[in-house]
Amino acid sequence: MTDRVALVTGASRGVGKGIAVALGGAGYVVYVSGRSSGVPTDPVGGTIEETAAAVTARGGHGVAMACDHADDAQVQSLFERVAAEHGRLDLLVNNLFAGPYDIVPELPFWERSLSDWEVSIDVALRAHFVASVYAARVMVPQGSGIIANISSFGSRNPMFSVPYGISKAGADKMARHMAAQLAGTGVMALCLWLGPVRTERVLSSGADSIEGFDLSTFESPEFPGRILAAIADDPDKARQNGQVLIAAEAAVQYGVVDVDGSSPPSLRTVLGNPELS
């Protein structure tokens, strides 16, 4: 294998951008998809072009791909381009998050807009499934590849909104059930639970702590990308097929540290156990 090829969805900013940049540092060709192209669509900024440039600056090769993941035809075209240009796909990171950003502080579900369901489930969770379908159509014939869903402790611990929790639990279940059908193909699926992350949105709040957690203990957006790169390099990575991994614990397992050399703590005892999801 010469070029390792990854696709990170929802990579204009935040966790998606961090993962893409970390993979660039590991030498990947990284396709970054999202709707923010040319001009930021979010107050905190960020575009796929900026992310692609950061990937290249880190040592990989970033490719910006404007894509509305609510449009299946656009998603299909995205994967067709990856296959046409490289003939393979080694890693899909389902990171896209489509949800209301007013989920903190939480309102009870009966006081929230019904549109919360649409953006969290009909768009975000469905986008994970659609991207996984097209990724598998490339990966299974080549006999290798990883489909990774980015999730959180919200899968087990009630936080933010009810649809948010359902979307994260769905991402976990999706990875486990896909893994069962992928067994023996050389392709694997897994889920990664992140702890609190120092995204642009979090930093722009100016707060020293959020939801009782000190900002100094937060993971960087690149942290999960470093972990996924380590898993991809593991000769025995098949053992992770179907697993729901806590990022902080997987980092210890693979000897990965965060960008500042720290080891973010696992919040298993505080926020939940993935084995029960």
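Parameters and conventions
- Residues numbered from 1 in each chain as written.
- Predicted model: local features only at pLDDT ≥ 70, side-chain atom pairs only at ≥ 80, totals over all residues.
- Heavy atoms only, no water.
- Helix = DSSP H or I, 4+ residues; strand = E, 2+ residues; numbered from the N terminus.
- Rg over C-alpha atoms; globule rule 2.2 N^0.38 Å.
- Contact = heavy atoms within 4.5 Å.
- Buried < 20%, exposed > 50% of the residue type's maximum accessible area, 1.4 Å probe, protein only.
- Axes fitted to C-alpha atoms, helices over the stretch in contact; angles between N-to-C directions.
- Parallel < 35°, antiparallel > 145°, perpendicular 65-115°, else oblique.
- Left-handed = near helix turned anticlockwise from the far one by under 90°.
- Pairing = 2+ DSSP bridges.
- Right-handed = clockwise from strand over helix to strand, strands pointing away.
- Core = buried A, V, L, I, M, F, W, Y, C linked by side-chain atoms within 4.5 Å.

Student: Describe the overall build of the chain, listing the residues and the values that go with them.
Tutor: Looking only at helices and strands, the chain has nine helices and nine strands in total. Computed over C-alpha atoms, the radius of gyration of the chain comes to 17 Å, within 12% of the 19 Å expected from 2.2 N^0.38 for 277 residues, which places it in the range of a compact globule. Oriented by its inertia axes, the alpha-carbon framework of the chain measures out at about 45 × 40 × 35 Å. Restricting the contact set of the chain to residue pairs at least 6 apart, pairs at least 24 apart contribute 70%.

Student: Any chance you could break down unusual backbone geometry for me, citing the residues and the numbers?
Tutor: One non-glycine residue, F160, lies in the positive phi region at around 60°. For F160, the position within the fold is in the loop between β5 (145-152) and α5 (162-182). The partly exposed category is assigned to F160, whose relative accessible area is 22%.

Student: Go over the packing of helix α1 (residues 14-25) against helix α2 (residues 48-57), please, and point to the residues and values.
Tutor: The contact between α1 and α2 brings their axes to 7 Å, and the two run at 25°. The orientation of α1 relative to α2 falls into the category roughly parallel. Our pair here, α1 against α2, has a crossing hand that is right-handed. For the pair formed by α1 and α2, the contact residues are K17, A20, V21 and G24 on the first element and T51, A54 and V55 on the second.

Student: Break down the pairing of β5 for me, with residues and values.
Tutor: The buried fraction of β5 is high, at eight of eight residues. Going residue by residue along β5, you find G145, I147, N149 and S151 tucked away on one face and I146, A148, I150 and S152 tucked away on the opposite face as well. Pairing analysis gives four bridges linking strand β4 (residues 91-94) to β5, with the strands arranged parallel. Note that in β5 the partner of L92 across the bridge is I147. In this view, the connection linking β5 to its parallel neighbour strand β6 (residues 187-194) by way of α5 has right-handed handedness.

Student: Could you give me a rundown of the environment of D214, with the residues and numbers involved?
Tutor: Mapping D214 onto the fold places it in strand β8 (residues 213-214). We classify D214 as partly exposed; its relative accessible area is 39%. Separated by 18 residues in the primary sequence, D214 and P196 have C-alpha atoms spaced 9.5 Å apart.

Student: Which residues make up the pairing of strand β3 (residues 61-66), and what are the values?
Tutor: With six bridges connecting them, strand β2 (residues 29-34) and β3 associate as parallel partners. Among the inter-strand pairings, Y31 is bridged to a residue of β3, identified as V63. After leaving β2, the chain enters α2 and then returns to the sheet as β3, a path that is right-handed.

Student: Run through the nonpolar core, naming residues and quoting values.
Tutor: Among the nonpolar cores identified, the biggest contains 40 residues, and Y31, F79, L89, L92 and I147 are the most heavily contacted of them. Contributing elements (two or more residues each) for this core: β1 (5-8), β2, β3, α3 (72-86), α4 (115-142), α5, β6 and β9 (244-246). A per-element tally of this core places α4 first, with eight residues. If you look at the next biggest cluster of nonpolar residues, it comprises 37 residues, including I19, M188, L190 and L194.

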